[in-house]
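# Summary of structural features
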Amino acid sequence: MNESAVRMGAPGELLLSGVLDYRSGPDLRKEGQALIKASTAESLVVDCSAVQKSSSVGLSLLLAFMRDAQAAGKALSIRALPDDMREIAQVSGLTELLAHP
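For clarity, every value in this text was computed on a predicted model and none was experimentally measured.

Criteria and cut-off values
As a convention, each chain's residues are numbered from 1 in the sequence order in which they are written. The model is predicted, so local features are restricted to residues of pLDDT at least 70 and side-chain atom pairs to those at 80 or more, both for listing and for counting; the totals for chains, interfaces and linings are taken over all residues. With hydrogens and water set aside, each side-chain value is computed from the structure's full complement of heavy atoms. Every helix listed is a DSSP run of H or I at least four residues long, and every strand listed is a run of E at least two residues long, numbered separately from the N terminus. Each residue is placed in one exposure class: buried if its accessible area under a 1.4 Å probe, protein chains only, is under 20% of its type's maximum, exposed if it is over 50%, and partly exposed if it falls in between. By definition, residues are in contact when any of their heavy atoms lie within 4.5 Å. Salt bridges are identified by distance alone: a Lys or Arg side-chain nitrogen within 4 Å of an Asp or Glu carboxyl oxygen.

### Quick look at the environment of Leu16
Mapped onto the secondary structure, Leu16 falls in strand β2 (residues 13-20). Classification of Leu16 as buried rests on a relative accessible area of 1%. Along the chain, Leu16 and Val6 lie ten residues apart, while their C-alpha atoms are 4.5 Å from each other. Non-local contacts of Leu16, meaning those with residues more than four positions away in its chain, are made with Ala5, Val6, Leu28, Val46, Asp47, Cys48, Ala50, Val51, Leu61 and Leu62.

As structure tokens, this is what we get:
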């Protein structure tokens, strides 16, 4: 079984890893929300380079993290969006929203 995780890396960096699906999504959502709230950085980057596979749940997770950051008055950008997530974003019309600011 693949482990999924979201954790702090360097200051202002959230590292998302593993398989993002309906099983891992709810826990990652709670953990990411707590990390965003606890961060003292003015802007955050979610690094997705260690994401192995993602369903639409992964995209939903990123959008939720963006809302959490906005609510906390922080900017949030996405780095290294995997191909499967990029394809879902294109079909959903979310590519521009997830692009680097």
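Further notes follow.
### Brief notes about the environment of Cys48
Mapping Cys48 onto the fold places it in strand β3 (residues 43-54). On the basis of relative accessible area, Cys48 is assigned to the buried category, the value being 0%. Note: C-alpha distance between Cys48 and Pro82 (34 residues apart in sequence) is 6.8 Å. When sequence neighbours within four positions are dropped, the list of residues in contact with Cys48 reads Leu16, Leu62, Ile78, Arg79, Ala80, Leu81 and Pro82.

### Considering the pattern of salt bridges
On inspection of all chains with the given rule, the structure shows four salt bridges. One salt bridge in this structure joins Asp21 and Arg23, with 2.8 Å as the shortest N-O distance.

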